[in-house]
Amino acid sequence: MPNGGTLMIRSMVKNNSIVIDFQDTGIGIAATDLSKIFDPLNTTNNKGTSLSLAVSYRIIKKLNGTMAVESELNKGTKFLITLPYFASRDDAVAENRPEKP
């Protein structure tokens, strides 16, 4: 947030998932840019490569999670990350184990 603002991070367990909510009061993202923000090398900033959101999105998808964004210009942006929750390591291993023929 180049012009200042507030960042709030919340996490919770909901419906067998871990939900992480990042919300800021920054400048927001234009509606025309929202559909492209997870694309590699897509940027409105001339100072970087804009890989961080694309890499984050791919990692979260690989973990069977989701990453969504909501934004409004001059009001802020909200990212919502949802990841599967496992009570134990054994549950996680069982969930990812291929079925036997």
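Residues numbered from 1 in each chain as written. Predicted model: local features only at pLDDT ≥ 70, side-chain atom pairs only at ≥ 80, totals over all residues. Heavy atoms only, no water.

**Q** So what exactly am I meant to see when it comes to the sheet that holds strand β4 (residues 76-84) here?
**A** Sheet strands pair by backbone hydrogen bonding; their relative direction is either parallel or antiparallel. Across the sheet, four strands lie side by side as β1-β2-β4-β3; this open sheet has antiparallel pairing. The outermost strands of the open sheet, each flanked by one partner alone, are β1 (7-14) and β3 (66-72). On average, each strand axis in the sheet is inclined to that of its neighbour by 15 degrees, with strand direction left out of account. Pairing between β3 and β4: seven bridges, direction antiparallel. Paired with V69 across the bridge in β4 is F79. Taken strand by strand, helix α2 (residues 52-62) contacts β3 and β4, and its axis lies near 140 degrees from that of β3. (Pairing = 2+ DSSP bridges. Helix = DSSP H or I, 4+ residues; strand = E, 2+ residues; numbered from the N terminus. Axes fitted to C-alpha atoms, helices over the stretch in contact; angles between N-to-C directions. Contact = heavy atoms within 4.5 Å.)

**Q** Would you mind going over the pattern of salt bridges with me for this structure?
**A** Two side chains bearing opposite charge may form a pair once their charged atoms approach each other closely. Summed over the entire model, instances satisfying the criterion amount to four salt bridges. Of the charged contacts, one joins K36 and D33 as a salt bridge, the two residues approaching to 3.9 Å between their closest N and O atoms. One salt bridge connects K75 with E72, and the closest N-O pair in it is separated by 3.8 Å. (Salt bridge = Lys/Arg side-chain N within 4 Å of Asp/Glu carboxyl O.)

**Q** Sorry, what's going on with the side chain of S17 here?
**A** Along the chain, S17 turns up in strand β2 (residues 17-24). Exposure remark for S17: the relative accessible area of 15% places this residue in the buried category. Excluding anything up to four places from it in sequence, S17 contacts M12, T82, L83, P84 and Y85. (Buried < 20%, exposed > 50% of the residue type's maximum accessible area, 1.4 Å probe, protein only.)

**Q** Explain the nonpolar core here, please?
**A** A general feature of soluble globular proteins is that nonpolar side chains tend to end up buried together. In this structure, I37, F38, I60, M67, F79, I81 and L83 together form the largest nonpolar core, which totals seven residues. With three residues, the single largest contributor to this core is β4. Discounting chain neighbours no more than four positions away, the residues touching F38 are L53, A54, Y57, M67, V69 and F79. (Core = buried A, V, L, I, M, F, W, Y, C linked by side-chain atoms within 4.5 Å.)

**Q** Looking at this structure, how should I read unusual backbone geometry?
**A** A negative phi angle is the norm for most residues apart from glycine, just as the trans form is the norm for most peptide bonds. The backbone of N15 sits at a positive phi, close to 50 degrees, despite the residue not being glycine. Note that N15 resides in the loop between β1 and β2. A relative accessible area of 70% places N15 in the exposed class. For N74, which is not glycine, the phi dihedral falls at a positive 65 degrees. Within the secondary structure, N74 is located in the loop between β3 and β4.

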